[in-house]
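Examination of the molecular architecture
Residues per chain are reported as follows:
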Amino acid sequence: AKQVPYTMVKQVSFDFLTAYAYASVAAMGMGVTPNIKWAITLSAALTAAFFSTLASQPGDMLLSSVNKYKEDGSKPTTAEAARDILSKDGWKGLFRGTKARILHTGAIVTAQLTLYDIVKQLCGIAATGST
């Protein structure tokens, strides 16, 4: 269940961003060269990676806190973990570690989405977002 926001934001933002970029290129009267396709895919993948990381970070912080054991050896509930994070750091506590995660996950997601688009094109399927 924790992967749902991450995956939805990743795929939807990638599809939206590529469609918007191709529409913008067409509106400017430019032709879609292989270099432009590459730039659209790469920039949309990078941006989608950033958005998906931000969308899933609070859930991952809660999960990490829930998996920590209390002094008595029991695990805290999700509500207890949320209260603990919010009382210590406020809402920004849910985003602790985001910079490192953006670097790590961002690189992986950018590579995944770029490869996904390249494989689609090699199979004769239009690039994501293109018409």
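Up top you'll find the structure we're talking about.
Residues numbered from 1 in each chain as written. Predicted model: local features only at pLDDT ≥ 70, side-chain atom pairs only at ≥ 80, totals over all residues. Heavy atoms only, no water.

**Some thoughts on the overall build of the protein chain**
Assigned secondary structure in the protein chain consists of four helices and zero strands. When the helices and strands of the protein chain are listed from N to C terminus, the series reads α-α-α-α. In terms of overall size, the protein chain is more extended than a compact globule, its C-alpha atoms giving a radius of gyration of 19 Å where 131 residues would be expected to give roughly 14 Å. Taking the principal axes of its C-alpha atoms as reference, the protein chain extends roughly 65 × 30 × 20 Å. A burial count over the protein chain gives 31% of its 131 residues as buried. Expressed as a percentage of contacts within the protein chain between residues at least 6 apart in sequence, the contacts between residues at least 24 apart total 67%. Surface exposure of the protein chain reaches about 8,200 Å², of which carbon and sulfur atoms provide 68%. In the protein chain, which carries 13 positive and 8 negative side-chain charges, the distance between the mean positions of the two groups comes to 5 Å. (Helix = DSSP H or I, 4+ residues; strand = E, 2+ residues; numbered from the N terminus. Rg over C-alpha atoms; globule rule 2.2 N^0.38 Å. Buried < 20%, exposed > 50% of the residue type's maximum accessible area, 1.4 Å probe, protein only. Contact = heavy atoms within 4.5 Å. Areas by Shrake-Rupley, 256 points an atom, 1.4 Å probe, with all protein chains shown as cover. Lys, Arg positive; Asp, Glu negative; His and termini not counted. Charge placed at Lys NZ, Arg CZ, Asp CG, Glu CD.)

**A short note on the packing of helix α2 (residues 34–66) against helix α4 (residues 98–122)**
Viewed as axis vectors pointing N to C, α2 and α4 meet at an angle of 135°, and their least axial separation amounts to 7 Å. Taken as axis vectors, α2 and α4 run oblique relative to one another. For the crossing formed where α2 meets α4, the hand is right-handed. Of the residues that constitute the contact of α2 with α4, the class distribution is 12 nonpolar, 11 polar and four charged. (Axes fitted to C-alpha atoms, helices over the stretch in contact; angles between N-to-C directions. Parallel < 35°, antiparallel > 145°, perpendicular 65-115°, else oblique. Left-handed = near helix turned anticlockwise from the far one by under 90°. Nonpolar A, V, L, I, M, F, W, Y, C, P; charged D, E, K, R; others polar.)

**Side note on the layout of surface pockets**
Considering only enclosed or pocket space, the largest pocket measures out at about 280 Å³ in volume. For the largest pocket, the lining is made up of 13 residues, of which S65, K68, D84, I85 and K88 are closest to its centre. Mapped by element, the contributors of at least two residues to the lining of the largest pocket are α2 and α3 (78–89). Looking at the lining of the largest pocket, the element that brings in the most residues is α3, giving five residues. In terms of residue class, the lining of the largest pocket is built from five nonpolar, two polar and six charged. (1 Å grid on protein atoms, 1.4 Å probe; cavity = no way out; pocket = protein on both sides within 12 Å on 5 of 7 lines; lining within 4 Å. Points joined across faces, edges and corners; volume = space filled by probe spheres on them.)

**Looking at the packing of α2 against α3**
Between α2 and α3, the least distance of the axes is 9 Å, while the angle of their chain directions is 110°. As far as their axial angle goes, α3 and α2 are roughly perpendicular. Residues M61, L62, S65 and V66 of α2 form the contact with α3, whose own contacting residues are T78, A81, A82 and I85.

**Structural notes on α4**
For α4, which comprises 25 residues, the first-to-last C-alpha distance of 34 Å matches the rise-based estimate of 36 Å (1.5 Å per residue) to within 8%. Remark: the principal bend of α4, roughly 30°, maps to G106. Within α4, burial applies to T98, R101, T105, G106, V109, T110, L113, T114, D117 and K120. (Expected span 1.5 Å × (residues − 1). Bend = angle between axes of the 7 residues up to and from the residue.)

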